[in-house]
Amino acid sequence: MRGAGPCFSSGYDLKSDLGANQPYFTPNVGLQWARHVSEGWMSLWDLAKPVIAMIHGYAMAGGLELAGACDLAYAAASARLSHPVLRFAGLPDFAWFPALLSARHAMELHVAGREYGGVERQPRDS
């Protein structure tokens, strides 16, 4: 999976009507969007064939969550990965970061909104 333009994905389409045409029913309690997005990510996660994310340019917010739903993710050296809304909004809709990143990297992403480059490597957790 890769982006068709200058980036993998700059995130969610914030101009869309988040309540329209959702394929899953969720009671109207304020969590409809999170359920809709999480079900979409899980449909990728559950595929029998491996899904590989080829990240170039930006992978931000929902775009980074999309990459996390893939079995493998490879980033170009110039890639920029971040989830800036986490600085003030708490948890992402698809919270895979603590499971797939080192504890330190996940914390820096969640709490500090840190941006990562495509050439950074994760240290092994002890």
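Calculation rules
Residues numbered from 1 in each chain as written. Predicted model: local features only at pLDDT ≥ 70, side-chain atom pairs only at ≥ 80, totals over all residues. Heavy atoms only, no water. Pairing = 2+ DSSP bridges. Helix = DSSP H or I, 4+ residues; strand = E, 2+ residues; numbered from the N terminus. Buried < 20%, exposed > 50% of the residue type's maximum accessible area, 1.4 Å probe, protein only. Arc of directions from axis to C-beta. Contact = heavy atoms within 4.5 Å. Salt bridge = Lys/Arg side-chain N within 4 Å of Asp/Glu carboxyl O. Polar contact = N/O pair within 3.5 Å; in protein donor to acceptor, adjacent residues only side chain to side chain.

**Comments concerning the sheet that holds strand β4 (residues 80-82)**
Two modes of strand pairing occur in sheets, parallel and antiparallel, and in both the strands are linked by backbone hydrogen bonds.
Phase 1 of the analysis: Spatial strand order, β2-β4-β5: three strands in an open sheet with mixed pairing. Single-partner strands in this sheet number two, and they are β2 (58-60) and β5 (116-117).
Phase 2 of the analysis: Where β2 and β4 come together, three bridges link them in parallel fashion. When the bridges of β4 are listed, M60 appears paired with S82.

**A short note on helix α5 (residues 103-112)**
Phase 1 of the analysis: Taken as a whole, α5 has its buried residues at H105, A106, L109 and H110. When α5 is viewed along its axis, its buried side chains cluster within an angular range of 120 degrees and face the same direction. For α5, the exposed residues set more than 90 degrees away from the buried face come down to A103, R104, M107 and V111.
Phase 2 of the analysis: Those residues of α5 hidden inside the fold are in contact with α2 (62-69), β4, α3 (86-89), α4 (97-100) and β5.
Phase 3 of the analysis: G113 sits one or two residues past α5 and shows a positive phi near 65 degrees.

**With respect to the pattern of salt bridges**
Phase 1 of the analysis: Under the criterion given, the structure shown has two salt bridges.
Phase 2 of the analysis: Notably, a salt bridge pairs E108 with R114, separated by 3.5 Å at the nearest N-O pair.
Phase 3 of the analysis: Overall, E108 belongs to the partly exposed group, its relative accessible area being 26%.
Phase 4 of the analysis: Its relative accessible area of 29% is what places R114 among the partly exposed residues.

**Structural notes on the side chain of H83**
Phase 1 of the analysis: Position of H83 among the secondary structure elements: in the loop between β4 and α3.
Phase 2 of the analysis: For H83, the side chain forms a polar contact with the side chain of E65, separated by 2.7 Å.
Phase 3 of the analysis: Residues within four places of H83 in sequence aside, it is in contact with A61, G62, L64, E65, P92, F97 and L109.

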